[in-house]
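# Structural description and commentary
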Amino acid sequence: MKTYVPKLGETASDWWLVDATDLTLGRLATVVASRLRGKHKPTFTPYLDMGDHVVVVNAEKIILTGKKPFQKLYRRYSGYPGGLREERAVDLLRSRPERIIEEAVWGMLPKGPLGRHIVRHLKVYRGQAHPHASQNPQPLPIPDAARAR
């Protein structure tokens, strides 16, 4: 009996919609990363892009628990001397909340060419409106454990 190995064109990519209102950041990121990777499909292959597209709306309503809003730092480096910039999570949540979710999900994806390809299937938006209505995204079921209490 031969082992079945799916080919790239054989699997269909679905579109999922997630409302981030009152969801904990890390718990939401694990669910989204798993969908992007395709781990929910029986044909999951670790070295292929088997995942779906995920649209996250209401990114500004995400919940950071404990002291994370004030203690967690997001760093970026321009490559030039003195080009290291740090921002607290509370400030980033105010200015660019999409970035917090993108970085949390990126941290859970494989690094390298496959991960860079998969992360392009993540779309994060600040408000309720998004330009992907024509793809007819289905609501992604989020476990109750991800909801902030």
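Everything here concerns the structure above.
Residues numbered from 1 in each chain as written. Predicted model: local features only at pLDDT ≥ 70, side-chain atom pairs only at ≥ 80, totals over all residues. Heavy atoms only, no water.

### With respect to the overall build of the protein chain
So the rule is basically this: Secondary structure elements follow DSSP: runs of H or I of four or more residues count as helices, runs of E of two or more count as strands, with numbering from the N terminus. Whether a residue is buried, partly exposed or exposed follows from its accessible area with a 1.4 Å probe, protein chains only, as a fraction of its type maximum: under 20%, in between, or over 50%, in that order. Working rule for contacts: check all heavy atoms of both residues, and any pair within 4.5 Å makes them a contact. Only four residue types enter the charge count, namely Lys and Arg as positive and Asp and Glu as negative; His and the chain termini do not. A single reference atom marks each charge: NZ on Lys, CZ on Arg, CG on Asp, CD on Glu.
Along its length, the protein chain carries five helices and six strands. Along the protein chain, helices (α) and strands (β) appear in the sequence β-α-β-α-β-β-α-α-α-β-β when read from the amino end. By its C-alpha atoms, the protein chain is 55 × 40 × 30 Å across when sized along the principal axes. Among the 149 residues that make up the protein chain, the fraction classed as buried is 39%. If you take every contact in the protein chain between residues at least 6 apart in sequence, the share linking residues at least 24 apart comes to 69%. Of the side chains in the protein chain, 25 bear a positive and 14 a negative charge, and the two mean positions are spaced by 5 Å.

### Comments concerning the packing of helix H1 (residues 25-37) against helix H4 (residues 97-106)
A pair of packed helices can be characterised by two numbers: the angle between their axes and the separation between those axes. Cut-off, in case you're wondering: Helix axes use the C-alpha atoms of the stretch in contact, all axes being lines fitted to C-alpha atoms, and the angles between their N-to-C directions lie in the range 0 to 180 degrees. Any angle that falls under 35 degrees is termed roughly parallel, while one over 145 is termed roughly antiparallel, one within 65 to 115 roughly perpendicular, and all others oblique. Each helix crossing is assigned a hand: it is left-handed if the near helix lies turned anticlockwise from the far helix by less than a right angle, otherwise right-handed if that turn is clockwise.
Taken N-terminus to C-terminus, the directions of H1 and H4 make an angle of 60°; their axes are 8 Å apart at the nearest point. With respect to H4, the axis of H1 lies oblique. Seen from above, H1 lies across H4 with right-handed handedness. Packed against H1, whose contacting residues are Leu25, Leu28, Ala29, Val32, Ala33 and Leu36, the element H4 presents Ile100, Ile101, Ala104 and Val105 at the interface.

### Some words on H1
Here is the rule: One less than the number of residues in a helix, times 1.5 Å, gives the span that helix is expected to have.
Taking 1.5 Å per residue, 13 residues should reach 18 Å; H1 reaches 18 Å between its end C-alpha atoms and fits that length. All buried positions along H1 are accounted for by Leu25, Leu28, Ala29, Val31, Val32, Ala33, Arg35, Leu36 and Arg37. As for H1, its buried residues are in contact with strand S1 (15-19), strand S2 (53-57), strand S3 (73-77), H4, helix H5 (113-119) and strand S5 (122-124). Where H1 terminates, the next one or two residues include Gly38, which has phi positive at roughly 95°.

### Comments concerning the pairing of S2
Short version of the rule: By the convention used here, strands pair only if DSSP detects at least 2 bridges between them. By the criterion used throughout, a crossover qualifies as right-handed when its path from the first strand across the helix to the second strand runs clockwise, the strands pointing away from the viewer.
Where burial is concerned, most of S2 is hidden: five out of the five residues are buried. The two faces of S2 match: His53, Val55 and Val57 on one face and Val54 and Val56 on the other face are all buried. Pairing geometry for S1 and S2, over five bridges, is parallel. Pairing of Val18 across the sheet is with Val56, part of S2. In terms of handedness, the path from S1 via H1 over to S2 forms a crossover that is right-handed. Bridging between S2 and S5 involves three bridges; their strand directions are parallel. Its bridge partner being in S5, Val56 is matched across the sheet by Val124.

### A few points about the sheet that holds S1
Overall, parallel pairing links the four strands, which are arranged S5-S2-S1-S6 in an open sheet. In this open sheet, the two strands that pair with only one neighbour each are S5 and strand S6 (138-139). The sheet contacts of H1 involve S1, S2 and S5, and relative to S2 the element is tilted by about 155°. Lying on the sheet, H4 is in contact with S2 and S5; it crosses S5 at an angle near 155°.

### A few points about unusual backbone geometry
Of note, Asp22 is a non-glycine position whose phi angle comes to about 60°, a positive value. Looking at the secondary structure, you find Asp22 in the loop between S1 and H1. Looking at Asp22, the relative accessible area reads 44%, which means it is partly exposed.

### A closer look at the packing of aromatic side chains
Each pair of aromatic rings is reported with the distance of its centres and the angle of its planes. Which entries qualify depends on this criterion: Between the rings of Phe, Tyr and Trp (Trp by its six-membered ring), a pair exists once the centres lie within 6.5 Å; its type follows the angle of the planes, with under 30 degrees stacked, over 60 edge-to-face, and the other angles tilted. Only Lys NZ and Arg CZ are tested; either one counts as a charge over a ring when it is within 6 Å of the ring centre and within 35 degrees of the ring normal.
Per the stated rule, a full pass over the model turns up zero aromatic pairs. The cationic tip of Lys111 hangs over the ring face of Trp106; the distance from NZ or CZ to the ring centre is 5.0 Å.

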